[in-house]
Amino acid sequence: MTAAYDDLLAHVRETHLLAATAALLAWDQETGMPPGAGDVRARQLALLARLQHERATDPRVADWLAACEADPRVAADPERAANVRELRRDHERNTRLPQRLVEELAATESRAQQAWAEARAASDFAAFRPWLERMVALQQQKADCLRRGPMPRWDALADLYEPGMCAAELRQLFAPLRERLVALRHRLAAGRAPKVALGRVPIDEARQEQFVRAVLAAMGFDFGRGRLDRSAHPFCTSTGGDVRLTTRFHRDNVLDALGSTMHEGGHGLYEQGLDPDALGTPLGEPVSLGIHESQSRLWENHVGRSAAFWTWCWPIAQQHLGNACDGLDAAAVFAECNAVEPSLIRVEADEATYDLHVMVRFEVEQELLAGALPVADLPARWNALYRDYLGVEVPDDRRGCLQDVHWSCGLFGYFPTYTLGNLFAAQFAAAADRALGGLEPLLRRGDFAPLRAWLREHVHRHGRRFRPAELCQRATGAPLSAAPFLAHLERKLGAVYGL
Ligand code: ZN
């Protein structure tokens, strides 16, 4: 048949086993590893990373790819053609950066992250500034290695996380979105704000855990191929056959535990919905961070923050949370989940203001990479944008431009994938709503299987077969737009705030 293709696939499947093993060790590091094992674990992970890199840049990969690309039988088979197209993309990414730059980036990231943590704790931007200057310079070099022709540097970096996305297209999506979100923020300020109730009642963590596990099981998360544990920052990781989720519990905030669990559960359902026969190949991998985030946001916000969901969920909450539910009802908790309050911290933001935080970062990092904004001027620029977009005064850099770890880790071009996730989620939810004859009656009776099946059919099972833009067009019949997201927010929040 096609020996080069078979050899190439066997090679990448084995490399994936190394990656999955590293993921399992990283999961263990966050969930159960005793503190004394840290040094050995770092050496284990470094070895696995080196072995993966060696395999990915093995000269035979280039030969196999060239042979596949010259083989008409591969081109005639859509699955094989898609795998080869994506493996070519991975190979270019892995070989375009000179080893010297890769090593310098890794060393700088590790030290910049420590410097960032100390600077944030002390709210001392001046201490982080030289590290950020160094990091911006390295990211500019990285972008110059990756980009083709006149492509802006920001685009070359963003393409690592969201294939095919570029700043020009994002500006077109974001400009009207920002206007409408700012207008919505002003309108809601005049409405009737929901009361905080369930989210402030102290509840035993064991009860909270029973509750969120019941919801995760109802969503259809397969505990036969996955686990739920605890960590300081919730995450989802696939270990190549099973899916590890984490959540967190605060004694006086069960809604945070529920939101985190449903969010990570959405990521987990995507991973569990990938084609198991394609495991270790591009067709068995998630397509982009934006699409991944759409799956978490869909379950967290379109399901978990809907009135219909709370109609179903309320008796389950009462069963597990006991007295904490006294004097409350489903309608009150639904409203509480949808309170909007412009704030300083992105990760604590509500559904209506979250994307304004992202847009601040999108503006600032384009300016940094283009050399238009000196790093020294970052705090002033950041604070001005927060005043403009969110209407809040930033009191210090700890709660301002030092709040996120991303730039210290070298993640430039990454933030917009969070907003893309929100936009894709709303467009998928609207398409599923039409296809299933209305989601509301299904959610009201806790029948999540049809929604899960729709997502599996139209998003999960394709892996990287289609780029995000094409996946969206095929699944929803339209290119990505902010309209479904705005319609969802304005309809729901208008009702909650009595407007
Ligand atoms: Zn997420």
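Computed from a predicted structure; not experimentally measured.

**Considerations on the pattern of salt bridges**
1) Next: Counted according to the given criterion, the structure contains 42 salt bridges.
2) Next: Asp28 is the salt-bridge partner of Arg41, the closest N and O atoms lying 2.7 Å from each other. Taken together, the residues span a long stretch of sequence, with Arg41 in helix 2 (residues 38-56) and Asp28 in helix 1 (residues 3-31) at a distance of 13 residues.
3) Next: We classify Asp28 as partly exposed; its relative accessible area is 23%.
4) Next: The residue Arg399 makes a salt bridge to Asp396 at a minimum N-O spacing of 2.7 Å.
5) Next: Judged by relative accessible area, Arg399 falls into the partly exposed class, the value being 31%.

**Some points on the packing of aromatic side chains**
1) Next: As enumerated under the stated definition, the model contains 17 aromatic pairs in all.
2) Next: Here the aromatic rings of Phe309 and Phe448 are separated by 6.3 Å at their centres, their planes lie at 40°, and the arrangement is tilted. Taken together, the residues Phe309 in helix 13 (residues 307-321) and Phe448 in the loop between helix 18 (440-444) and helix 19 (449-458) connect sequence positions 139 residues apart. Summarising the burial analysis for this pair, Phe309 and Phe448 share the class buried.
3) Next: Here the aromatic rings of Phe415 and Tyr418 are separated by 6.2 Å at their centres, their planes lie at 50°, and the arrangement is tilted. Here the two residues Phe415 and Tyr418 agree in accessibility, since each one is buried.
4) Next: Taken together, the ring pairs in this structure connect Tyr161, Tyr354, Trp382, Tyr386, Trp407, Phe412, Tyr414, Phe415 and Tyr418 into an aromatic cluster.
5) Next: Over the face of the ring belonging to Trp27 we find Arg244, whose NZ or CZ atom lies 4.4 Å from the ring centre.
6) Next: Positioned above the aromatic ring of Phe415, the side-chain terminus of Arg361 is 5.5 Å from the ring centre.

**So, the nonpolar core**
1) Next: Counting residues in each nonpolar core, the largest one holds 132 residues, and the members touching the most others are Phe211, Phe309 and Trp310.
2) Next: Looking at this core, the element that brings in the most residues is helix 17 (residues 416-435), giving ten residues.
3) Next: Here this core gathers at least three residues from each of two domains, domain 1 (3-127) and domain 2 (167-496).
4) Next: In terms of nonpolar packing, the next biggest core, distinct from the first, is built from twelve residues, Ala4, Leu9, Cys68 and Val84 among them.

**Quick look at the coordination of the zinc ion**
1) Next: Distances from the zinc ion to its protein donors, His263 (NE2), His267 (NE2) and Glu293 (OE), fall within 2.1 to 2.3 Å.
2) Next: Summarised as a motif, the one-chain spacing of the donors to the zinc ion is H-x3-H-x25-E. On the criterion of sequence distance, the pair formed by His267 in helix 11 (residues 254-273) and Glu293 in helix 12 (residues 289-303) is long-range, its members being 26 residues apart. Of the two residues examined, His267 and Glu293, each falls in the buried class.

**Focus: the packing of helix 11 against helix 13**
1) Next: Relative orientation of the contacting elements helix 11 and helix 13 amounts to 120°, with a least axis distance of 14 Å. As far as their axial angle goes, helix 13 and helix 11 are oblique. As helix 11 packs across helix 13, the resulting crossing turns out to be right-handed. Mapping the contact onto sequence places Val254, Leu255, Leu258 and Met262 in helix 11 and Phe309, Trp310 and Leu321 in helix 13.
2) Next: Of the residues contributing to the contact of helix 11 with helix 13, the split by class is seven nonpolar, no polar and no charged.

**Focus on helix 9 (residues 167-189)**
1) Next: For helix 9, which comprises 23 residues, the first-to-last C-alpha distance of 31 Å matches the rise-based estimate of 33 Å (1.5 Å per residue) to within 8%.
2) Next: At Phe174, helix 9 shows its largest bend, some 25°, and a proline, Pro176, comes one to four positions later.
3) Next: If you check which residues of helix 9 are buried, you get Ala167, Leu170, Leu173, Phe174, Leu177, Leu181, Val182, Leu184, Arg185 and Leu188.
4) Next: Of the surrounding elements, those touching the buried residues of helix 9 are helix 8 (153-158), helix 15 (354-369), helix 16 (378-390), helix 17 and helix 21 (483-496).

**Focus on the sheet that holds strand 1 (residues 226-230)**
1) Next: One open sheet accounts for three strands, arranged 1-3-2; its pairing is mixed. For this open sheet the edge positions go to strand 1 and strand 2 (236-238), each flanked by a neighbour on one side alone. Neighbour-to-neighbour, the strand axes of this sheet turn through a mean angle of 20°, independent of strand direction.
2) Next: Note that strand 2 and strand 3 (residues 243-247) share three bridges and pair antiparallel. From the neighbouring strand, Ser238 faces strand 3, where its bridge partner is Val243.

**Structural notes on unusual backbone geometry**
1) Next: Here the phi dihedral of Ser123 falls at roughly 50°; this positive angle occurs in a residue that is not glycine.
2) Next: Mapped onto the elements, Ser123 comes out in the loop between helix 6 (99-122) and helix 7 (125-146).

**A look at the domain arrangement of the protein**
1) Next: Looking at the protein, the domain boundaries give domain 1 (3-127) and domain 2 (167-496).
2) Next: Its C-alpha centre places domain 1 at a distance of 27 Å from the equivalent point of domain 2.
3) Next: Between domain 1 and domain 2, a total of about 2700 Å² is buried, with carbon and sulfur atoms accounting for 61% of that surface.
4) Next: There are four salt bridges connecting domain 1 and domain 2.
5) Next: The partner of Glu79 in a salt bridge is Arg465, and the shortest N-O contact between them spans 3.6 Å.
6) Next: Mapped onto the side of domain 1 that touches domain 2, the elements with two or more residues apiece are helix 1, helix 5 (78-96) and helix 6.
7) Next: In terms of residue count, the dominant contributor to the side of domain 1 that touches domain 2 is helix 1 (ten residues).
8) Next: Among the residues forming the side of domain 1 that touches domain 2, the class breakdown is 13 nonpolar, five polar and ten charged.

Scoring rules and cut-offs
Each chain carries its own residue numbering, running from 1 in the direction its sequence is written. Reporting of local features is limited, given that this is a predicted model, to residues whose pLDDT is at least 70; pairs of side-chain atoms are given and counted only at 80 or more, and all residues count toward the totals for whole chains, interfaces and linings. Working from all heavy atoms in the structure, the side-chain values ignore hydrogens and water. A pair is scored as a salt bridge if a Lys or Arg side-chain nitrogen falls within 4 Å of a carboxyl oxygen belonging to Asp or Glu. Here a strand is any run of E in DSSP of at least two residues, a helix any run of H or I of at least four, and the numbering for each starts at the N terminus. Partly exposed describes any residue whose relative accessible area lies between the buried limit of under 20% and the exposed limit of over 50%, with all areas from a 1.4 Å probe on protein chains only and scaled to the type maximum. Only Phe, Tyr and Trp rings take part, Trp by its six-membered ring, and two of them pair if their centres are within 6.5 Å. Stacked means planes under 30 degrees apart, edge-to-face means over 60, and tilted covers everything else. We count a charge as sitting over a ring when the NZ of a lysine or the CZ of an arginine lies within 6 Å of the ring centre and within 35 degrees of the ring normal. Throughout, nonpolar core names a set of buried Ala, Val, Leu, Ile, Met, Phe, Trp, Tyr and Cys residues whose side chains join them through atoms within 4.5 Å. Note that domain bounds follow an automatic or database assignment of domains. Excluding water, the donors of a metal are its N, O and S neighbours within 2.8 Å, or within 3.2 Å for Na, K and Ca, and that exclusion means sites may look incomplete. With axes taken as lines fitted to C-alpha atoms, and helix axes fitted only over the stretch in contact, angles between N-to-C directions fall between 0 and 180 degrees. For this classification, under 35 degrees means roughly parallel, over 145 means roughly antiparallel, 65 to 115 means roughly perpendicular, and everything else is oblique. Here a crossing is called left-handed whenever its near helix is offset anticlockwise from the far helix by less than a right angle, and right-handed whenever the offset is clockwise. We call two residues in contact when some of their heavy atoms are within 4.5 Å. Residue classes follow a fixed rule: Ala, Val, Leu, Ile, Met, Phe, Trp, Tyr, Cys and Pro count as nonpolar, while Asp, Glu, Lys and Arg count as charged, and any other residue, Gly among them, counts as polar. Here the expected length of a helix is defined as 1.5 Å per residue gap, with one fewer gap than residues. What we call the bend at a residue is the angle made by axes fitted to the seven residues finishing there and the seven residues starting there. Strands are labelled as partners when DSSP assigns at least two bridges between them. Note: buried area is the sum, over both parts, of the accessible area (probe 1.4 Å) each one loses when the two are combined.

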